[in-house]
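Listed below, chain by chain, are the residues.
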Amino acid sequence: MNKALRSPKLYVIAAILIFLGIAIPFGIYGITLIPALNADLFPYQYLLPVFPFLYLLIGFAVSDVQIARWRHKNSEYDTKLPQDVKDKAWSIRFPFYFAAAVLLSIFLFFEIWFWISGNYPFPTRI
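So, a few notes on the structure that sits alongside this text. If you're wondering where the values come from, they're calculated on a predicted model, not measured in any experiment.

About the thresholds
Residues numbered from 1 in each chain as written. Predicted model: local features only at pLDDT ≥ 70, side-chain atom pairs only at ≥ 80, totals over all residues. Heavy atoms only, no water. Helix = DSSP H or I, 4+ residues; strand = E, 2+ residues; numbered from the N terminus. Phe/Tyr/Trp six-rings, centres within 6.5 Å; stacked < 30°, edge-to-face > 60°. Buried < 20%, exposed > 50% of the residue type's maximum accessible area, 1.4 Å probe, protein only. Lys NZ or Arg CZ within 6 Å of the ring centre and 35° of its normal. Patch = residues over 30% accessible without salt bridge, like charges linked within 9 Å, V, L, I, M, F, W, Y side chains within 5 Å. Areas by Shrake-Rupley, 256 points an atom, 1.4 Å probe, with all protein chains shown as cover. Salt bridge = Lys/Arg side-chain N within 4 Å of Asp/Glu carboxyl O. Expected span 1.5 Å × (residues − 1). Bend = angle between axes of the 7 residues up to and from the residue. Contact = heavy atoms within 4.5 Å. Core = buried A, V, L, I, M, F, W, Y, C linked by side-chain atoms within 4.5 Å.

**Notes on unusual backbone geometry**
Here is step 1 of the chain: For Asn38, which is not a glycine, the phi torsion comes out positive at approximately 55°.
Here is step 2 of the chain: Topologically, Asn38 is positioned in the loop between α2 (8–32) and α3 (44–47).
Here is step 3 of the chain: Here the phi dihedral of Ser75 falls at roughly 50°; this positive angle occurs in a residue that is not glycine.
Here is step 4 of the chain: Within the secondary structure layout, Ser75 lies in the loop between α4 (50–74) and α5 (83–117).

Here you go:
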């Protein structure tokens, strides 16, 4: 895991995942703000917790499949994993887990905002 924390490439991948997790709900919300479309406002707050859940699921599943393939290939089901296999699994997991943590904190910020003020931010039309 320490090698994954030191890799700037993984932070860039996580930043892209964070951008996608924020851009999709707010992008759809921004499109529904256009008056000419005459559309109801998109409830972005329902889509915000979906991306952290998906990122956790993808990060776990892909790295677990990687480990399972290594175990099947080497027929070592009961032994401990070598450090290089663990490092590779964490290099797969880290961007997804980091992005999920950031997006979950953004979601919690919006929920706390709702609990304090009684409404979510950005509820008006242009």
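Further notes follow.
**Here's the deal with the packing of aromatic side chains**
Here is step 1 of the chain: By the definition in use, this model includes 13 aromatic pairs.
Here is step 2 of the chain: With centroids separated by 5.2 Å and ring planes inclined at 80°, the aromatic side chains of Tyr11 and Phe94 adopt a geometry described as edge-to-face. Pair noted here: Tyr11 is in helix α2 and Phe94 is in helix α5, with a separation of 83 residues, a long-range link.
Here is step 3 of the chain: What makes Phe94 buried here is its relative accessible area of 6%.
Here is step 4 of the chain: The ring of Trp90 carries Arg93 above its face, with NZ or CZ at 5.4 Å from the centroid.

**Some details on a nonpolar patch on the surface**
Here is step 1 of the chain: Side chains of Val12, Ile16, Phe19, Leu20, Ile24 and Ile28 sit close together on the surface and give an oily, nonpolar patch of about 540 Å² of accessible area.
Here is step 2 of the chain: Within the element layout of this structure, Ile16 appears in helix α2.

**Notes on the environment of Ala39**
Here is step 1 of the chain: As for its position among the elements, Ala39 is in the loop between α2 and α3.
Here is step 2 of the chain: On the accessibility criterion, Ala39 (24% relative accessible area) is partly exposed.
Here is step 3 of the chain: Along the sequence, Ala39 and Ile112 sit 73 residues apart, while their C-alpha atoms lie 27 Å from each other.

**A closer look at α5**
Here is step 1 of the chain: Helix length check: α5 (35 residues) gives 49 Å between terminal C-alpha atoms against 51 Å at 1.5 Å per residue, within 8%.
Here is step 2 of the chain: Maximum bend of α5: about 35°, positioned at Arg93, with proline Pro95 one to four residues after it.
Here is step 3 of the chain: Two residues or fewer past α5, Gly118 is found with a positive phi of approximately 95°.

**A few points about α4**
Here is step 1 of the chain: Its 25 residues place the ends of α4 36 Å apart at the C-alpha level, agreeing with the 36 Å of an ideal helix rising 1.5 Å per residue.
Here is step 2 of the chain: By the burial criterion, the buried members of α4 are Phe51, Pro52, Tyr55, Gly59, Ser63, Ile67, Trp70 and Arg71.
Here is step 3 of the chain: Buried residues along α4 sit against α2, α3 and α5.
Here is step 4 of the chain: One or two positions beyond α4, positive phi appears at Ser75, with a value near 50°.

**A look at the nonpolar core**
Here is step 1 of the chain: Leu17, Ile18, Phe51, Tyr55, Phe96, Ala99, Ala100 and Leu103 form the largest nonpolar core, which has eight residues in total.
Here is step 2 of the chain: Of all elements in the fold, only α2, α4 and α5 reach the threshold of two or more residues within this core.
Here is step 3 of the chain: Take this core: its biggest share by element is four residues, from α5.
Here is step 4 of the chain: Excluding anything up to four places from it in sequence, Ile18 contacts Phe98, Ala99, Val102 and Leu103.
Here is step 5 of the chain: Among the nonpolar cores identified, the runner-up in size contains seven residues, and Leu33, Leu48, Phe107 and Phe110 belong to it.

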